[in-house]
Amino acid sequence: MRKYTQVFQGTAFSSKSPKEVQILKEYLFCVNANGMIEKVVSPEDADYRPLLDAFQGEENFLRLAEGQYFLPGFVDLHVHAPQWAQAGTALDIPLYDWLNTYTFPLESKFSDLDFAKDVYQDVVSTLLANGTTTALYFATVHKEASLLLAEICAQKGQRGLVGKVVMDDPEQNPDYYRDADTQTALADTEEFILAVNKLAKRVKQGVYPVVTPRFIPSCTDDALKGLGELAAKYDTYVQSHCSESDWEHDYVKNRFDKNDAFALHHFGLLRDKSVMAHCNFLNEDDADLFVETGTAVCHCPISNAYFANSVIPIAHLHSKGVEIGLGTDISGGFSPSLFDNVRQAVIVSRMLEDGVNTALPAEERGVANSRITINEAFYLATAGGGESLSLPIGRLAENYAWDVQIIDTSVSSAKLPIYHAKEDLHDVFQKIMYLVRSENIREVWVQGEKVHSRF
């Protein structure tokens, strides 16, 4: 029994399947020195009482107080880390104008490492405080600042997957913010991959380099081809935007006479370690290609409302077998909280199913079978994200990382409406998912290490 580094006792919620939440009432979670859950013990198991007797009262035993619950740490599959500096602003203009008027000027400032350090330290700390234990980050075109973001993730204990952004096309990117040329973009990307892989050797929770063409409109054909080759050479993750908006989707069709998905695949950028953000305009063939290549979709429901000109049919894509996770898309999405995006995912799915144009008859207004439940949205933020990254995260189960949020429903400034000690735990779960604010997140753990505490 003493082989366990830590033992935690309390009630937890974890996805059993995309539609079913498992309630683990007063379970013991035994965590080893590597920060992995080695054993999960229910009160009915024969070794429950002996384990309790052995660990109760020890420094490495943590029992949740009344009103506290374990949730898996959230997996945010799409964050523009530099854009934290403009979060909550300029959300009322089209995507093309937003990028060129606000976003590119901001990202160009990350050549200043002092500025980059201030923003990156803040965004990583903010995401941890909101329960995000793993984040897939776009950085900027600057190799040094991008590496700094990976180092800050390592220092603060967040599992960070970081990409140096590639934008090499002089016709599509501003003079003040782009890679010097294609050769430099590819050389910097390769050097960045090697540097992050070296850093990863001493990081318990893991940091990972990510090949990151911003999106097809930003990149030349040679850059896209070279990035696909680098991803294969080093077996890295790949991230980009795919068929996000009318503008982007139509641009790619006009340039390549094919949809975004097939253009990316042509350059070797759709693979089992690929995560493509948005994907609102995928057709059936695109979705089948995602299934075939193991490429995951990152659903960004708040951002989509501002910039994607559509609601993505998540339920339909899931039914086809596409891997799907959830993202905040800071700062196209204003909130750093995946709780907010879980709620918005449910809301927009209902709007897609019911329709919004009241001039049409009810039966013609929406898209049938589009709604998802809060259970399914929770899955996207946790287990779905883990599966999208092919990492053992997002579930409170044996052989998964001890990545958890400790939720306190009785915080005086953010008390949840739970008035009965024996309230149905399914109802408690729903109240947590709909009502929790950052004040309720008492502690956050990543890979068995406490990385955030509010008290």
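This report concerns the structure included in the present document. (Residues numbered from 1 in each chain as written. Predicted model: local features only at pLDDT ≥ 70, side-chain atom pairs only at ≥ 80, totals over all residues. Heavy atoms only, no water.)

## So, helix α3 (residues 113-129)
Between its first and last C-alpha atoms α3 spans 24 Å; for 17 residues at 1.5 Å apiece the expected length is 24 Å, and the two agree. Residues of α3 that are buried sit in contact with β6 (74-80), β7 (132-138), α4 (143-156), β16 (441-446) and β17 (449-453). The distance from a side-chain oxygen at the start of α3 to the backbone nitrogen of Asp114 is 3.0 Å, and the residue carrying that oxygen is Asp112. (Helix = DSSP H or I, 4+ residues; strand = E, 2+ residues; numbered from the N terminus. Expected span 1.5 Å × (residues − 1). Contact = heavy atoms within 4.5 Å. Polar contact = N/O pair within 3.5 Å; in protein donor to acceptor, adjacent residues only side chain to side chain.)

## Considering the packing of aromatic side chains
Scanning all chains against the criterion turns up 20 aromatic pairs. Seen in terms of ring centroids, Phe13 and Phe429 are 5.4 Å apart; in terms of plane orientation they differ by 50 degrees. Their pairing is tilted. Here Phe13, found in strand β1 (residues 6-15), pairs with Phe429, found in helix α16 (residues 425-435); they are 416 residues apart in sequence, far enough to count as distant. Each member of the pair, Phe13 as well as Phe429, is classed as buried. With a centroid separation of 5.3 Å and an interplanar angle of 70 degrees, the aromatic rings of Phe70 and Trp402 are classed as edge-to-face. Taken together, the residues span a long stretch of sequence, with Phe70 in strand β5 (residues 68-72) and Trp402 in the loop between α15 (383-389) and β15 (404-408) at a distance of 332 residues. Above the plane of the ring of Tyr237 lies Lys273, whose end atom (NZ or CZ) is 5.2 Å from the centre. (Phe/Tyr/Trp six-rings, centres within 6.5 Å; stacked < 30°, edge-to-face > 60°. Buried < 20%, exposed > 50% of the residue type's maximum accessible area, 1.4 Å probe, protein only. Lys NZ or Arg CZ within 6 Å of the ring centre and 35° of its normal.)

## As for empty space enclosed by the protein
With a probe scaled to a water molecule rolled over the atoms, the places where space remains empty come into view. Per the stated rule, a full pass over the model turns up three cavities of 30 Å³ or more. In this structure, the largest cavity occupies an estimated 120 Å³ of space. In terms of lining residues, the largest cavity is bounded by 14 residues, among which Leu95, Trp98, Leu99, His241 and Glu244 are the most central. Elements represented by at least two residues in the lining of the largest cavity include exactly α2 (95-108) and α10 (301-307). It is α2 that provides the largest number of residues to the lining of the largest cavity, a total of three residues. Residue composition of the lining of the largest cavity, by class: five nonpolar, six polar and three charged. Computed from the structure, the second largest cavity encloses a volume of approximately 60 Å³. Forming the boundary of the second largest cavity are Tyr96, Leu99, Asn100, Phe104, Gln172, Asn173, Phe215, Pro217, Ser218 and Trp247. At four residues, α2 tops the list of elements feeding residues into the lining of the second largest cavity. (1 Å grid on protein atoms, 1.4 Å probe; cavity = no way out; pocket = protein on both sides within 12 Å on 5 of 7 lines; lining within 4 Å. Points joined across faces, edges and corners; volume = space filled by probe spheres on them. Nonpolar A, V, L, I, M, F, W, Y, C, P; charged D, E, K, R; others polar.)

## Section: the nonpolar core
Considering soluble globular proteins, one finds that nonpolar side chains tend to be buried as a cluster. Phe13, Phe290, Phe339, Ile432 and Met433 are the most contacted members of the largest nonpolar core, which totals 66 residues. Counting residues per element, this core draws most heavily on helix α14 (residues 374-381), at six residues. Contact partners of Ile432, with chain neighbours within four places excluded, come to Phe13, Tyr69, Leu71, Phe339, Arg343, Ile407, Thr409 and Leu416. Counting 29 residues, the second largest nonpolar core, distinct from the first, contains Cys153, Ala154, Phe192 and Val446. (Core = buried A, V, L, I, M, F, W, Y, C linked by side-chain atoms within 4.5 Å.)

## Thoughts on the layout of surface pockets
A volume near 510 Å³ is recorded for the largest pocket. Secondary-structure elements contributing two or more residues to the lining of the largest pocket are β2 (21-31), β5 and α16. For the lining of the largest pocket, the per-class residue count stands at nine nonpolar, six polar and seven charged. Taken as a whole, the second largest pocket encloses approximately 210 Å³ of empty space. Contributing to the lining of the second largest pocket are 16 residues, with Ser310, Val311, Val348, Met351 and Leu352 lying nearest its centre. Of the residues belonging to the lining of the second largest pocket, the class tally is nine nonpolar, six polar and one charged.

## Quick look at the packing of α14 against α16
Running from N to C, α14 and α16 point in directions that differ by 60 degrees, and their axes come no closer than 11 Å. Crossing of α14 against α16: the hand is left-handed. Residue-level contacts link Ile374, Asn375 and Phe378 of α14 to Phe429, Gln430, Met433 and Tyr434 of α16. For the contact of α14 with α16, a count of residues per class yields five nonpolar, two polar and no charged. (Axes fitted to C-alpha atoms, helices over the stretch in contact; angles between N-to-C directions. Left-handed = near helix turned anticlockwise from the far one by under 90°.)

## Digging into a nonpolar patch on the surface
A surface patch of nonpolar side chains, about 280 Å² in accessible area, is lined by Ile347, Met351 and Val356. Of note, Met351 is situated in helix α12 (residues 338-354). (Patch = residues over 30% accessible without salt bridge, like charges linked within 9 Å, V, L, I, M, F, W, Y side chains within 5 Å. Areas by Shrake-Rupley, 256 points an atom, 1.4 Å probe, with all protein chains shown as cover. Salt bridge = Lys/Arg side-chain N within 4 Å of Asp/Glu carboxyl O.)

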